[in-house]
Every structure is written in C-alpha cells, then in structure tokens.
Amino acid sequence: MGKIGIISPYRKLYYETLSVKEELKELKKDIDVRIGLLSNAVDVAKDLIKNGAEVLISRGGTLNYIRREFPDIPLVEIEISSYDIAEAIMEAKKIGSHIALIIFNNMLYEGRNLARLFDVDMKIFCIEREEQAIDAIRKAVDEGYEVMVGGGIANKVSTQMGIHSVLISSGKDSIFRSIRQAQSILRYRNDVLKQSELIETVMENTPLGILTTDRNGRIKMVNSPALDIIKMPREHVIGENIENILPELKDGNNSFLKEFNENKIMVNIKCVDIVSSNIGFIVTLEEISEISKKEKYIRSAFVKKGHVARFCFEHIIGESPTIKECIQIAKRYAGFDSTVLIFGETGTGKEMFAQSIHNVSKRSKGPFVAVNCASLSETLMESELFGYVEGAFTGASKGGKTGLFEMAHRGTIFLDEISEMPLSIQAKLLRAIQEKAIMRLGDDRIIPVDVRIIAASNKDLYKMVKRGDFRADLYYRLSVLTLKIPPLRERKEDVILLFEHFLDLYSLKYHMKKPVIDRKGYDVLQNYLWPGNVREVENFTERLLAAYGPSYITGEQIMYILDIKKEDLFNAHENSKVMATSSSMELDEREIYRILKENNFNKTRTAKQLGIGRTTLWRMLKKQENLQ
C-alpha cells in the first residue's frame, strides 16, 4: 500500500499528528508528517509526492491551496468539529465577549448555535484566500470585535497586527479519522490498480485488437494487437476520435470487413451503455488470416475425433487387369477436385476407394466424413447433413448441432448408398453443391463450406432418374467423374489373393496357426460366385477359422460353410447368368420374385443369392407393394 502525506498548517497540529502517528504502529512507516501553511504547503506537497505519498491530508485553507495545485491527488481534510470550535470560543471568552470567527468556507463549524450557548457576541467572517484574512480581521476590529478565533492564517495575521486571537485546534479524533479515511482511499486505489493491471494484461495478451472509447468517441484504451493492425503509434491513437480511423462507427453495432494496409480485417463494433462508466464503444479487430487459422484448427479437431480416412490404394488387394485399371483411374481422379460417383455391388470396396482417393488428394490433411444414406430417416438425414440451431425442433440439443457438411469443411464427405436419399434431401444437397454453402435446420444464416463430394451406389442411378426416383440435375452434378468397381466374379484371379490375406489377418488376430487348405478347397473358392464380393470373402474367412480353427480344411468343409451343393457349384454357367442378373445394380421386380419363389420365399437365402442385405430386400419388396 502507498504512503500518506500529512501537511500541518501550524505546529500544535504537527505535534498532535506525530503523537497519533506513534500510536498507529502498523502505519508508522507509511506516514510522513510535515509543516506547511497555505501557499507554502504546495512545495511541501510536491516533496511528499516525490517521496511516494499517494494521499495527502491537510486542513482549511491549506487544503484548498493543495487541491488547486494537485487536482489528481486524493486529498483528505482534517475536519474541525463543533467541539474544537467550542473549545476555542471558551478560551476566547476569557479575553473578551466580542468574538470574530475568521474561517475558510470549507471549515466545519456550528458558530451561530455556539454563540447562543456561550452567551457571547460573535460574528462569522468567511474567507476563500490567504490575502483576504487581513481585510476580514480589520473589518472585525472596526465593528468592535476584540478577539479573533480561526485557523492558522487568522491566528498568524492577528498576532502580527497585535490583536488577541485564539487558534481552532483539531483534536486527535479528527486526525485519527482523516488517517483512516486515507487508508480506505489507498485500499480502493490499490484494488482499482489491480483491476486496471488485470484488464491491461488481458487486453495485451489477447490475439484480438481491442479499442475502447468514451461517450464522445475519443479513444481511451488500445492494445498492442490493435496498434499492429492499424499501424499507428499509441500516442497518436489515444485521445483520437475513433471515426477518424473507422468512419463506419456512426452506424452503431456492426460487423464488417475493412482493409488496413492491404490486410483484410474483421471489425466488430459494440455500443456500450453503462451509466457508471464513461465507455461509448468497444471495437475488436481481427485479421482474416487469423480467423482462417482458427477455422482450420477447429476443422482439424474433427479429424482427431475420428473423421479420418484409414485406407490408401496400397490396401486394395488385387492383381487382375480390371482392378488394376480401376485403381489407376481412381488415382487420376484424386488429382481433380470434382465430384466422384462410384458404382459397385455390395461389398466391392466402394468406401475403400473413396478413402484412397481422399488420401492422395490435396484435401488429404482435411477430414473425411462418411455417412450411409440408407441408415437415416428423412428428418434425421437433413439435421445430420446440414446441422440445426437450438430450438429448431422438439428435442433439439441446446446450442444446436454442427452438420456433417460443416465437419467435412476443407475435406471430403462420402455419401454411401446415395440412391436411398429422399427426393426432398436431394434438392438440398443439390443446392449445397451449387452454392458451396449450407443452411442449418431452423436457421436463415448461410454457412460457406469447401467440401469435395464422393458418392457411391450399388444401384443404377440412371435408371432411377428415368423412373423419377432420383433427380436428374443431382445425378449429373454427382457423376462428373464416375468409377465402376468390378465385382469379384469378374476378377476371379483375385479371390485366392483376398482369401489368403484375410486368412493371415484373422489367424494373427486370434493368435491361431494358419490352417492348410486342400486343393479342392481352393477350387471351390475359385468357382464360387461371391455375391457379397470382398466383404463376403472376409466374413467367410473369419467364419471358417471360427468353425475349424488351425486344422487341415477340406473342400467339403468350405462348401458346408458357404452353404452350397456340389451340383450348384459346378453348374457355374447357369448360375453365373442368374448372378449376373440378380447382382445388377437395378433388380427387376419379376427377377426378384422368381428367385424368392425358388427359395420358397426364404428372404435370407434370397438376399444372399441376390448379393444384397436382408434389409435392402425387405425395403425393395415394400416399395413394390406400395407401387401396386
């Protein structure tokens, strides 16, 4: 805490104050007492301030002089109580009953009441300056008053003129009160200083440029980041009218882009209306490049949360010409930023290709967000893809939710089974592709997104367009680059490679010795049509290990696990026709019914033969019922 300087106008008060100082042991070292009367006190005050005094204490006219010279230094007055005046009047009455009270305007007194109390003739003469004391005393004498009562200056002048005088002394209680009041001021100043230092520290350490103004628009505070942005020294900014730097301020609360020294800056203006504070505006400045960095960091956080592509082209297994050609085309597509539409039957690895394209593209450091359109209802799909704001619908999360398109910003979004997307959502997807922006559910704010779209389908979208089940404009937007992944039956030479790969993988996973497969077993694997493609090979391999472990495995055991008969397997020519038809990307209603009938209306077996999931089969049958 700072020091207290006390300036006593007369010696008696000086010694009284020293006595009080000795009693205040905890404050003794922080109190400096000096003698100084009226104008002479100004030099004393300067010396006290130089030695660290933050609050000054004095009395009467001396205090007035100090106040005029040091308007920014807190001052405390040693008050003159009624008791102090009464004591002086009682002393003066011993000399004469005609008493003149010579006092400065700021001195406290109860003169009139005390005159009646002590039965004396007393008149009050008020002065404002030292030089007025002589005229006031002469006037009192001319009017017949024989004893002068007043402060230090009245006492000094009366003595010099040979007139009786009595000094109004301040008692110890008044001195104590003034010191305690000074302490309170110091504590308050200390708290304010700490708050000011805290505010200054926060302002200087925030990356935002910040300026504050008073109600007249004059800049009161500015931090270093703001000075760096506007390229002006602090001394040229403080006190300057903010409109000279930001003419747009006249519009009040506002946000806009402005160019400072060829740097694009985001400016936010907030009008502050606090009665107790002389603050008019708070202005924040932030470089667009910094906002982009933050946005990039936020987007990258989604990658850490799991929106990442795990597969590369090296993970795609196959030596057949068809798969090699497919990989080469996909690699070339990765160098472009156009939308990609991947066709392929269930289990051919459409998402693996999508991830591989992403991982060698210029967006490889961005997120890869995958969504299965068949797994979401129409309402849920819209909120998941585009997000929603708080209160958009019953049950909406507080604060809203970020959509998958926003999560995929600067990266890739993979829309699997795009054929299952409802027409209403197709329209919104088309708008998102065209405008490169989305709008959250329940909001009217446009959010720009930089996203590459890779879509996939196991159905013939062109046929769906002809039937009116898929938007033609969306189809042509998605199919800028197309990729058809060949089914496994068209690259039989890759079957054994895949089987051996998965055999090694699951043997290692389950800490199991790799089993030996007889030659007939490999023939079965080679001739089987694999309607579920690569996914079926993987699932079959795990099931085979679970059933027979690391033992010697025969062709019969493999056929048993595949649930096929010998005659079915080696009548491959006829079966291939069925499989080619049933595995095409758009199944005919009559074909589905025929295969369903052959399997005694067993949906599980029918779905397996068609190379589709049981849920997909159920959905197709349901759709046909609705069309009838």
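Right above here is the structure, for reference.
Residues numbered from 1 in each chain as written. Predicted model: local features only at pLDDT ≥ 70, side-chain atom pairs only at ≥ 80, totals over all residues. Heavy atoms only, no water.

1. Examining the overall build of the chain
Then step 1. Of the regular secondary structure elements, the chain holds 27 helices and 22 strands.
Then step 2. Here the chain holds 628 residues, and 47% of them are scored as buried.
Then step 3. Within the chain, residue pairs in contact and separated by at least 24 positions form 64% of the contacts whose partners lie at least 6 positions apart.
Then step 4. With the model as given, the accessible surface of the chain reaches about 32900 Å², and the carbon-plus-sulfur share is 51%. (Helix = DSSP H or I, 4+ residues; strand = E, 2+ residues; numbered from the N terminus. Buried < 20%, exposed > 50% of the residue type's maximum accessible area, 1.4 Å probe, protein only. Contact = heavy atoms within 4.5 Å. Areas by Shrake-Rupley, 256 points an atom, 1.4 Å probe, with all protein chains shown as cover.)

2. Here we look at the packing of aromatic side chains
For any pair of aromatic rings, the description rests on two quantities: the centre-to-centre distance and the angle between the ring planes.
Then step 1. Throughout the structure, instances matching the rule amount to 11 aromatic pairs.
Then step 2. Here the aromatic rings of Phe125 and Tyr145 are separated by 6.3 Å at their centres, their planes lie at 80°, and the arrangement is edge-to-face. Taken as a pair, Phe125 in strand S6 (residues 121–127) and Tyr145 in the loop between helix H6 (132–142) and strand S7 (147–150) lie far apart in primary sequence, 20 residues in all.
Then step 3. Overall, the relative accessible area of 7% leaves Phe125 in the buried class.
Then step 4. On the basis of relative accessibility, which here comes to 12%, the residue Tyr145 falls in the buried class.
Then step 5. Aromatic side chains Phe499 and Phe540 sit 6.1 Å apart centroid to centroid with 35° between the ring planes, which places their arrangement in the tilted category. In this pair, Phe499 is assigned in helix H19 (residues 495–509) and Phe540 in helix H21 (residues 533–548), connecting sequence segments 41 residues apart.
Then step 6. Phe499 sits in the buried class, given a relative accessible area of 1%.
Then step 7. Relative accessible area serves as the criterion here: at 0%, Phe540 is assigned to the buried category.
Then step 8. It is Arg68 that lies over the ring of Tyr65; its NZ or CZ is 4.5 Å from the centre. (Phe/Tyr/Trp six-rings, centres within 6.5 Å; stacked < 30°, edge-to-face > 60°. Lys NZ or Arg CZ within 6 Å of the ring centre and 35° of its normal.)

3. Details of the nonpolar core
Then step 1. Within the largest apolar cluster, 35 residues are counted, with the highest numbers of intra-cluster contacts made by Leu385, Phe405, Ile413, Leu415, Ile418, Leu429 and Phe470.
Then step 2. Ranked by residue count, the leading element in this core is helix H16 (residues 423–435), at five residues.
Then step 3. In this structure Phe470 touches Ile418, Ser419, Leu423, Gln426, Leu461, Met464, Val465, Tyr475 and Leu478, once residues within four positions along its chain are discounted.
Then step 4. Within the second largest apolar cluster, 23 residues are counted, among which are Leu488, Val524, Trp530 and Phe540. (Core = buried A, V, L, I, M, F, W, Y, C linked by side-chain atoms within 4.5 Å.)

4. Let's talk about helix H14 (residues 378–386)
Then step 1. Among the residues of H14, Met381, Glu382, Ser383, Glu384, Leu385 and Phe386 are the ones counted as buried.
Then step 2. Residues of H14 that are buried make contact with strand S15 (368–372), helix H15 (404–407), strand S16 (411–416), H16 and strand S17 (437–439).
Then step 3. Positive phi appears at Gly387, one or two residues downstream of H14, with a value of about 80°.

5. Overview of the pairing of S16
Then step 1. Of all six residues that make up S16, six are buried, and the element is covered over most of its length.
Then step 2. As paired elements, S15 and S16 share five bridges and run parallel to each other. Paired with Ala370 across the strands is Phe414, a residue of S16. (Pairing = 2+ DSSP bridges.)

6. Quick word on the packing of H19 against H21
Then step 1. At a closest axis distance of 9 Å, the pairing of H19 and H21 adopts a crossing angle of 45°. Considered as vectors, H19 and H21 are oriented oblique to each other. Pair H19 / H21 crosses with right-handed handedness. Mapping the contact onto sequence places Leu498, Phe499, Phe502, Leu503, Tyr506 and Ser507 in H19 and Val534, Val537, Glu538, Phe540, Thr541, Glu542, Leu544 and Leu545 in H21. (Axes fitted to C-alpha atoms, helices over the stretch in contact; angles between N-to-C directions. Parallel < 35°, antiparallel > 145°, perpendicular 65-115°, else oblique. Left-handed = near helix turned anticlockwise from the far one by under 90°.)

7. Some words on the sheet that holds strand S10 (residues 219–222)
Then step 1. Taken together, five strands build an open sheet; the order of strands is S10-S9-S13-S12-S11 and the sheet is antiparallel. Both edges of this open sheet fall to S10 and strand S11 (254–260), since each of them pairs with a single strand only. Averaged over neighbouring strand pairs, the angle between their axes works out to 25° when direction is ignored.
Then step 2. Inspection of the sheet shows strand S9 (residues 209–213) paired to S10 by three bridges, in the antiparallel sense.

8. Describing the pairing of strand S8 (residues 164–167)
Consecutive side chains of a regular strand alternate in pointing toward one face of the sheet and then the other.
Then step 1. Summarising the sheet, S7 and S8 pair through four bridges and their orientation is parallel. Bridged to Met148 within S8 is Ser165.
Then step 2. Once the chain exits S7 it traverses helix H7 (residues 152–160) before rejoining the sheet at S8, and the crossover so formed is right-handed. (Right-handed = clockwise from strand over helix to strand, strands pointing away.)

9. With respect to the packing of H19 against helix H20 (residues 519–527)
Describing two packed helices takes the angle between their axes plus the distance from one axis to the other.
Then step 1. Interaxial distance between H19 and H20 falls to 9 Å at its minimum, and their mutual angle equals 115°. Every pair of crossing elements has a handedness; the one defined by H19 and H20 is right-handed. Residue-level inspection shows Val495, Ile496, Phe499 and Glu500 of H19 in contact with H20, the latter providing Tyr522, Leu525 and Gln526.
Then step 2. A class-by-class count of the residues in the contact of H19 with H20 yields five nonpolar, one polar and one charged. (Nonpolar A, V, L, I, M, F, W, Y, C, P; charged D, E, K, R; others polar.)

10. What to know about the pattern of salt bridges
Then step 1. Using the criterion set out here, one finds 26 salt bridges in the structure.
Then step 2. In this structure, Arg363 engages Asp450 in a salt bridge whose closest nitrogen and oxygen atoms are separated by 2.7 Å. Of the two residues, Arg363 sits in the loop between helix H13 (350–359) and S15 while Asp450 sits in the loop between strand S18 (446–448) and strand S19 (451–457), which places them 87 residues apart along the sequence.
Then step 3. Residue classification places Arg363 among the buried positions, given a relative accessible area of 6%.
Then step 4. On the accessibility criterion, Asp450 (31% relative accessible area) is partly exposed.
Then step 5. Among the charged side chains, a network of salt bridges with common partners joins Asp337, Arg363, Arg410 and Asp450. (Salt bridge = Lys/Arg side-chain N within 4 Å of Asp/Glu carboxyl O.)

11. Re the environment of Ala354
Then step 1. Position of Ala354 relative to the elements: it lies in helix H13.
Then step 2. Residues contacting Ala354, with those up to four places away along its chain left out, are Ile342, Phe368, Phe414 and Ile454.

12. Some points on the side chain of Thr17
Then step 1. Looking at where Thr17 falls in the secondary structure, it is placed in helix H1 (residues 11–23).
Then step 2. If we skip the residues at most four places from it in the chain, Thr17 touches Ile6, Val33 and Ile175.

13. With respect to the sheet that holds strand S3 (residues 53–58)
Then step 1. Ordered in space as S2-S1-S3-S4, the four strands form an open sheet in which the pairing is parallel. Looking along the sheet, the strands with just one partner apiece sit at the ends: strand S2 (31–35) and strand S4 (75–77). This sheet shows a mean twist of 25° between the axes of neighbouring strands, independent of strand direction.
Then step 2. In terms of strand pairing, strand S1 (residues 3–8) meets S2 through five bridges, oriented parallel. Considered in S2, the bridge of Ile7 is made with Arg34.
Then step 3. Here helix H2 (residues 40–50) sits on the sheet and contacts S1, S2 and S3; the angle it forms with S1, its principal contact strand, is near 165°.
Then step 4. Sitting on the sheet, helix H3 (residues 60–69) is in contact with S1, S3 and S4, with an inclination near 170° to S4.

Coordinates in, geometry out; function isn't part of it.
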